[in-house]
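Descriptive structure summary
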Amino acid sequence: MADDADVIVVGGGLAGLVAATEIADTGKRVIVVEQEGEQSLGGQAFWSLGGLFLVDTPEQRRLGIKDSFELALQDWMGSAGFDRDEDLWPKRWAEAYVAFAAGEKRGWLRAMGHRIFPVVGWAERGGYDAMSHGNSVPRFHVSWGTGPGVVEPFERRAREAQANGHLTFRFRHRVDALTVTNGDVDGISGSILEPDEIERGKSSSRKIIGDFQLHAQAVIVASGGIGGNHELVRRNWPKRLGEAPKSMISGVPEHVDGRMIGITEAAGARLINRDRMWHYVEGIRNWNPIWPRHGIRILPGPSSMWFDATGARLPSPLFPGSDTLGQLQYIMRTGYDYSWFVLTQSIIKKEFALSGSEQNPDLTGKSWRMTFKRATNKGAPAPVEAFKTHGADFVVRDNLADLVAGMNALAGDDLLKLETLKSQIEARDREISNPYVKDTQVMNIHNARRYIGDRLIRTAKPHRILDPAHGPLIAVKLNIVTRKTLGGFETDLDSRVFGQNGQIMPGLYAVGEAAGFGGGGVHGYRSLEGTFLGGCLFSGRNAGRAAAKAVG
């Protein structure tokens, strides 16, 4: 049977687009199969803030940040904590990826028109020793244009390849099976879904109007993760993080369901590290949702006080922006699946950002005028103020007694006691009058303000939480929001998939989240942030180039 293309790519997200365009650039024919409509091209990358992990960049050097491959690799390995036999390939991917982030990644993207916002963010700051989790320096480079700004160069290249006949899109084609002939993966089969022009991110129709089969010399699985499928998240939930949450909100649309992962595994692919995952604990329910259970993550600065459901302050170093999975583990061990920020208007206006392209119209729209207001506005950015006004998880009051009463009313219980919170907040406030303190969180605030980027737009001037001049008081009920799968299909550095017998499956590749962003889990146990889009870029590029050579 004649091949319909040289290579088939399953999934039209960022990793799939990168792989497809690399193949098309060689003159090979590639088909991109996507279960959603054309309006969803770019997948989860479109919704992202566009953060990229980069090392020793001009942006860092201009801000006085001294970074290096060696320091970044130390941070990566300390965060990953690789400790399993199956971490052989993930560790090799980690070494290769950090070298990419310290090498040609920025220049490769820049040559396609990608640009970076000049203030580098400091995510996942850790707070342990030098060889443990966290970024030693700011490395979170926000794309100018956020997620759409990352997708645009590859969508443009894909459209050019489509125009010259090297690339074909098959939207509303859902894969139901891989075809394997004499041990080689050589195609796919599935169902054609009815056309649906529903808004990007909303749940589309699953009505089947036909079926299809496609053949090629290679298939690249770029189908994403499982974050929209809470049942699957709970099934894979690791006991080391406590019991799976009873209540979660979704950081990704409903179609991010892990369905293709099961199909690929059924064909013989080896899935490893499925218990490694990355979910955030600073989730808030979207007051204007796009997809079911739509959650938004707060990207917090370092000053909000963080309390568990019972009113106990989270221990050092589990402060905002320090250790996502450490916070998740602590919260789940309290027996509750939510926690609280307590802060002031002065903190929210300087320190609250919201993850997602749609929540950052200034950066997404590439408006310098709007972006400049982040440093000069009297209030918080408009999307943050909208959540403060309309969001179901926000309580705003003029005094602490009323705030605690509102928090208890929102949670539907009386777990929080006024005197318990008051004593902890007053103790913290007494530490503010000196630049030298014993409160580790206040130390972190002083440390953050030594970095010009944080001082300008991300860290409020230290002040007492209970100072009325900085009011009103604000409490935010924080939910667990699903996001990323850190495990995936085991692959070599060419993104070729290993079978369950330990041998490469001829013709099969996996990229992006389906491959644990490389190797079956390039992050190990923890991410340094800005690494998910980068993993899609790197694995997609490796797969595209390798597959193009392999098909002759």
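A few points on the structure. Note that this is a predicted model, so its numbers are computed, not measured. (Residues numbered from 1 in each chain as written. Predicted model: local features only at pLDDT ≥ 70, side-chain atom pairs only at ≥ 80, totals over all residues. Heavy atoms only, no water.)

1. Comments concerning the nonpolar core
Quick note on the threshold: Residues grouped as a nonpolar core are buried Ala, Val, Leu, Ile, Met, Phe, Trp, Tyr and Cys residues, joined through side-chain atoms within 4.5 Å. Each residue is assigned to one of three classes by its accessible area relative to the maximum for its type, calculated with a 1.4 Å probe on protein chains only: buried under 20%, partly exposed between the two thresholds, exposed over 50%. Any two residues whose heavy atoms approach within 4.5 Å at even a single point are treated as in contact.
Within the largest apolar cluster, 139 residues are counted, with the highest numbers of intra-cluster contacts made by Leu14, Trp76, Phe154, Ile188, Ile220, Phe352 and Val476. Discounting residues that sit within four places of it in the chain, tryptophan 76 has contacts with Phe53, Ala94, Tyr97, Val98, Val522, His523, Leu528 and Thr531. Val137, Phe140, Trp144 and Leu299 belong to the second-largest nonpolar core, a separate cluster that totals 16 residues.

2. Focus: the sheet that holds strand β9 (residues 218-221)
Definition in use: The rule for pairing is simple: two strands pair if DSSP sees at least two bridges between them. Note on conventions: DSSP H or I runs of at least 4 residues are helices, E runs of at least 2 residues are strands, and numbering of each starts at the N terminus. Interaxial angles span 0 to 180 degrees and are taken between N-to-C directions of axes, which are lines fitted to C-alpha atoms, for helices over the stretch in contact.
With mixed pairing, six strands are arranged side by side in an open sheet as β5-β2-β1-β9-β21-β20. Two strands lie at the open edges of the sheet, namely β5 (167-171) and β20 (496-498), each paired on one side alone. Taking each pair of neighbouring strands and ignoring which way they run, the sheet shows an average axis angle of 30 degrees. As paired strands, β20 and strand β21 (residues 504-510) are joined by two bridges and run antiparallel to one another.

3. Overview of the side chain of asparagine 236
On the secondary structure map, asparagine 236 appears in the loop between α8 (230-235) and β10 (249-250). Assessed through its relative accessible area of 15%, asparagine 236 is described here as buried. The contacts of asparagine 236, once residues within four sequence positions are left out, are Ile226, Arg274, Asp275 and Met277.

4. A look at the sheet that holds strand β7 (residues 184-193)
Judged by pairing direction, the sheet is antiparallel, and its three strands sit side by side in the order β6-β7-β8 without closing on themselves. On the outer flanks of this sheet lie β6 (173-181) and β8 (208-215), each paired with one strand and no other. Strand-to-strand, the axes of this sheet are offset by a mean angle of 20 degrees, without reference to chain direction. Bridge count between β6 and β7: eight bridges; the pairing is antiparallel.

5. Notes on the pairing of strand β15 (residues 338-344)
By the criterion of burial, β15 is predominantly enclosed, with seven of the seven residues buried. Both β15 and strand β18 (residues 473-485) contribute to a ladder of seven bridges, which runs antiparallel. Residue pairing in the sheet places leucine 343 in a bridge with isoleucine 474 of β18.

6. With respect to the side chain of lysine 28
Heads up, the condition is: Asp and Glu are treated as the negative residues and Lys and Arg as the positive ones, with His and the ends of the chain left uncounted. Definition used for salt bridges: Asp or Glu carboxyl oxygen within 4 Å of a side-chain nitrogen of Lys or Arg.
For lysine 28, the position within the fold is in the loop between α1 (14-24) and β2 (30-34). The buried charged residue lysine 28 lacks any salt bridge, with aspartate 6 as its nearest oppositely charged partner at 6.3 Å.

7. Looking at the layout of surface pockets
Here is the rule: Cavities and pockets are found on a 1 Å grid laid over the protein atoms alone: a cavity is a set of points where a 1.4 Å probe fits but cannot escape, a pocket is an open set with protein on both sides within 12 Å along at least five of seven lines, and a lining residue has an atom within 4 Å of such a point. Grid points are joined across faces, edges and corners, and a volume is the space filled by probe spheres set on the points. Each residue gets one label: Ala, Val, Leu, Ile, Met, Phe, Trp, Tyr, Cys and Pro are nonpolar, Asp, Glu, Lys and Arg are charged, and the others, such as Gly, are polar.
There is about 460 Å³ of room inside the largest pocket. Together, 26 residues line the largest pocket, and Trp122, Arg125, Asn135, Ser136 and Asn447 are the ones closest to its centre. The element that contributes the greatest number of residues to the lining of the largest pocket is helix α17 (residues 440-449), accounting for three residues. Residues belonging to the lining of the largest pocket are distributed by class as follows: eleven nonpolar, eleven polar and four charged.

8. Some points on the environment of glutamate 104
Among the secondary structure elements, glutamate 104 is positioned in the loop between α5 (88-102) and α6 (105-111). Overall, glutamate 104 belongs to the partly exposed group, its relative accessible area being 48%. Sequence separation between glutamate 104 and leucine 54 is 50 residues, and the spatial gap between their C-alpha atoms is 10.0 Å.

9. Quick look at α1
Counting buried positions over the eleven residues of α1 gives eleven, a clear majority of the element. Within α1, the full set of buried residues consists of Leu14, Ala15, Gly16, Leu17, Val18, Ala19, Ala20, Thr21, Glu22, Ile23 and Ala24.

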